[in-house]
Amino acid sequence: MSQVYEHNPGDHEDPLDGPTWLIGIVGTCLLIVIVLGLVALYYGAYDREQEVQVITRDVAQLNAHLEAQRERLEGPAREETREDVDGEEYTARVIPIDEAMDRYLERVNQSRR
């Protein structure tokens, strides 16, 4: 009454070496090509985004930013209230960059004497 049911009758051999190697080599080559393609796509998108965000910025906005920085560097001597890393406010004396360079050179020359 008891019958043994064999799912795969007569097929008890290992696969052949040739097709196994062929599938392994083709699969490896495909994996390498896919990974390199994805890397190329990523860097292409990254370069396009860099161009949009950095290279093709609004010229008027950039010029206004540069002018504001130039005014801060070359403006008159003044006192500004700033905030340090701990959140405490302090007053800083801001002088033009030319005056700061002259003072630094004087200090260096005095220390050499």
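Residues numbered from 1 in each chain as written. Predicted model: local features only at pLDDT ≥ 70, side-chain atom pairs only at ≥ 80, totals over all residues. Heavy atoms only, no water.

Trainee: Describe the overall build of the protein chain, listing the residues and the values that go with them.
Mentor: Along the backbone of the protein chain there are 3 helices and 2 strands. Along the protein chain, helices and strands appear, N-terminal first, in the series α-α-β-β-α. Rg of the C-alpha trace for the protein chain: 36 Å, well past the compact-globule value of 13 Å for 113 residues, more than 25% over. Seen along its three principal axes, the alpha-carbon backbone of the protein chain occupies a region of about 105 × 40 × 35 Å. The buried share of the protein chain, reckoned over its 113 residues, is 4%. When contacts within the protein chain are restricted to residue pairs at least 6 apart in sequence, long-range pairs at least 24 apart make up 3% of them. With an accessible surface of roughly 10,900 Å², the protein chain has 58% of that area assigned to carbon and sulfur atoms. Looking at charge distribution, the protein chain has the averaged site of its 11 positive side-chain charges lying 20 Å from that of its 23 negative ones. (Helix = DSSP H or I, 4+ residues; strand = E, 2+ residues; numbered from the N terminus. Rg over C-alpha atoms; globule rule 2.2 N^0.38 Å. Buried < 20%, exposed > 50% of the residue type's maximum accessible area, 1.4 Å probe, protein only. Contact = heavy atoms within 4.5 Å. Areas by Shrake-Rupley, 256 points an atom, 1.4 Å probe, with all protein chains shown as cover. Lys, Arg positive; Asp, Glu negative; His and termini not counted. Charge placed at Lys NZ, Arg CZ, Asp CG, Glu CD.)

Trainee: Tell me about the pairing of strand E1 (residues 78-83), and name the residues and values.
Mentor: Across 6 bridges, E1 lies against strand E2 (residues 89-94) in antiparallel orientation. If you follow Glu83 over to E2, its bridge partner there is Glu89. Between E1 and E2, which pair antiparallel in sequence order, lie 5 residues; one of them, Gly87, sits at a positive phi of approximately 95 degrees. (Pairing = 2+ DSSP bridges.)

Trainee: Could you give an account of a nonpolar patch on the surface, naming the residues involved and the relevant values?
Mentor: Taken together, the side chains of Leu22, Val26, Leu30, Ile34, Leu38 and Leu41 make up a nonpolar region of the molecular surface, amounting to roughly 610 Å² of accessible area. As for its position among the elements, Leu41 is in helix H1 (residues 17-55). (Patch = residues over 30% accessible without salt bridge, like charges linked within 9 Å, V, L, I, M, F, W, Y side chains within 5 Å. Salt bridge = Lys/Arg side-chain N within 4 Å of Asp/Glu carboxyl O.)

Trainee: So what about the packing of aromatic side chains? Which residues, and what values?
Mentor: For the structure on display, the rule yields 2 aromatic pairs. Relative to Tyr43, the ring of Tyr42 has its centre 5.2 Å away and its plane inclined at 75 degrees; by these criteria the two rings are edge-to-face. The exposure class assigned to Tyr43 is partly exposed, which follows from its relative accessible area of 47%. Between Tyr42 and Tyr46 the ring centres are 6.3 Å apart and the planes differ by 25 degrees, which places this aromatic pair in the stacked class. (Phe/Tyr/Trp six-rings, centres within 6.5 Å; stacked < 30°, edge-to-face > 60°.)

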